[in-house]
Amino acid sequence: MGNSCSNFGIPAGNGPNPVGCTDLMMDHTVKGSFFRLYYPCQETEKAEKPDWVPCKEYFNGLGDFMKINRRLSEQIFKYLFGSYKIPAFLDAPYKPDGKRPVVIFSHGLGAFRTLYSAICAELASQGFIVASVEHRDQSASATYFFREKTESEMDWMYYRALQQGEREFPLRNSQVKLRADECIQALNKLIEINSGAAVQNALKTQFDWTTLENSMDLCRIAVMGHSFGGATVIESLVEFVSVRCGIALDAWMFPLDDEIFPRVKQPIFFINSEKFQWAGNISRMKKLDSTVIQRKMITIRGTVHQSFPDFTFLTGNCIGKLLKLKGEIDPELAIDLCNKATLAFLQRHLGLEMNFDQWDPLIEGEDDNLIKGTNVVLLQSSI
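Residues numbered from 1 in each chain as written. Predicted model: local features only at pLDDT ≥ 70, side-chain atom pairs only at ≥ 80, totals over all residues. Heavy atoms only, no water.

**Focus on a nonpolar patch on the surface**
Thought 1: Taken together, the side chains of Met-66, Ile-319, Leu-322 and Leu-323 define a hydrophobic patch exposed on the protein surface, amounting to about 390 Å² of accessible area.
Thought 2: With respect to the helices, strands and loops of the structure, Ile-319 is situated in helix 7 (residues 317–322).
Thought 3: Judged by its relative accessible area of 39%, Ile-319 is partly exposed. (Patch = residues over 30% accessible without salt bridge, like charges linked within 9 Å, V, L, I, M, F, W, Y side chains within 5 Å. Areas by Shrake-Rupley, 256 points an atom, 1.4 Å probe, with all protein chains shown as cover. Salt bridge = Lys/Arg side-chain N within 4 Å of Asp/Glu carboxyl O. Helix = DSSP H or I, 4+ residues; strand = E, 2+ residues; numbered from the N terminus. Buried < 20%, exposed > 50% of the residue type's maximum accessible area, 1.4 Å probe, protein only.)

**Describing the pattern of salt bridges**
Thought 1: Applying the stated criterion to the full structure yields 21 salt bridges.
Thought 2: Between Lys-296 and Glu-364 there is a salt bridge; the shortest N-O distance is 3.0 Å. Of this pair, Lys-296 sits in strand 11 (residues 295–300) while Glu-364 is found in the loop between helix 9 (360–363) and strand 12 (370–372), placing the two residues 68 residues apart along the sequence.
Thought 3: Note that Asp-360 is salt-bridged to Arg-348, the shortest N-O span being 3.8 Å. Taken as a pair, Asp-360 in helix 9 and Arg-348 in helix 8 (residues 331–350) lie far apart in primary sequence, 12 residues in all.
Thought 4: Residue Arg-348 is classed as partly exposed on the basis of its relative accessible area, which comes to 32%.
Thought 5: Each member of the salt-bridge network shares a partner with another, and the members are Asp-23, Arg-36, Arg-113 and Glu-134.

**Details of the packing of helix 4 (residues 168–195) against helix 5 (residues 228–239)**
Thought 1: As a packed pair, helix 4 and helix 5 sit with axes 8 Å apart at the nearest point and diverge in direction by 65°. Here helix 4 runs over helix 5; the crossing is right-handed. Mapping the contact onto sequence places Arg-172, Gln-175, Val-176, Lys-177, Arg-179, Ala-180, Cys-183 and Ile-184 in helix 4 and Phe-228, Gly-229, Ala-231, Thr-232, Glu-235, Ser-236 and Glu-239 in helix 5.
Thought 2: Considered class by class, the residues forming the contact of helix 4 with helix 5 number 6 nonpolar, 4 polar and 5 charged. (Axes fitted to C-alpha atoms, helices over the stretch in contact; angles between N-to-C directions. Left-handed = near helix turned anticlockwise from the far one by under 90°. Contact = heavy atoms within 4.5 Å. Nonpolar A, V, L, I, M, F, W, Y, C, P; charged D, E, K, R; others polar.)

**Observations regarding the pairing of strand 4 (residues 100–106)**
Regular strands have side chains that alternate between both faces of the sheet.
Thought 1: The buried count for strand 4 comes to 7 of 7 residues, which makes it a mostly enclosed element.
Thought 2: Taken together, the 6 bridges between strand 4 and strand 8 (residues 216–226) define a ladder with parallel strand orientation. Note that in strand 8 the partner of Ile-104 across the bridge is Val-223.
Thought 3: Considered for its hand, the β-α-β crossover made up of strand 4, helix 3 (residues 117–125) and strand 5 (residues 129–133) is right-handed. (Pairing = 2+ DSSP bridges. Right-handed = clockwise from strand over helix to strand, strands pointing away.)

None of this, on its own, says anything about what the molecule does.
Pasting the structure below:
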């Protein structure tokens, strides 16, 4: 597997810490939460970087999601993306340094746990512990679990498309509730790990989970997600009130019940692309406006909906724009603005003593590549 274009790659974190990653499947059955953990790690020469796409079944799932023949899609995706690595060291030893803030990350429709590694690795490099959940609500391109505790027979669950004549809202609404439950389940598992509880992992990893005992600051928890994951952020804030704030990247608000909006009590930061949003979706974000609780929104100029997942870094301009994986802005500049604004917002609302407040102006859209609020014109009828 390989790509001849060696100048492409997922950017590494810019923070002072090298980044490690590992996977945790809490239960061998479909009911167990499954996530990739990113964390500050010790310097090591032995650890390797894992494949960005873990195995061919994920290529098959992407093909299903994009309605491409599996055999053809596997060949295409292996050629385009098969050689890329996650910018983190697999199972590297954890780097202790007091109690670290925690972020739970929720992927978008048709994605899976590894596709936002640029964002997750940046947060880990800056001192966060990040759990990127792989959802089992049939919104991921692919995911898996085990039939038996022998961990030998894998059952694959692929993306579930709408059936002919099926109404979309009931499906998506049930999925967003399950997604929020999975995020909370992942957070509860981290709370157990932090307390020193033994870890039962259905996967065979080399990571020493005991090193995470007392490593997390459970008073400083945030939830973050892209697209469907942005809606999951809102749902999770209602379901788990101890989460301090949420960051929604180009959120798709359709799956949410209207009654949920007044129940959200935490600060929220909407970071939008220029090309994806429309009046009806923005108007639903505006339902969360508050004179008491900070709700912020910025738009990154020249971006598309896929400017947040890692795909945007891994194709040239022609293929990237053809597949709508790239916008007009340099993708590394776009993700840098997103990450810096995110860090500033997290410092403000988690009460961190870091230097991320140097990027506070980005929260207000104060940059040539940012728009304060939205570029979408809202008619009175859509508000």
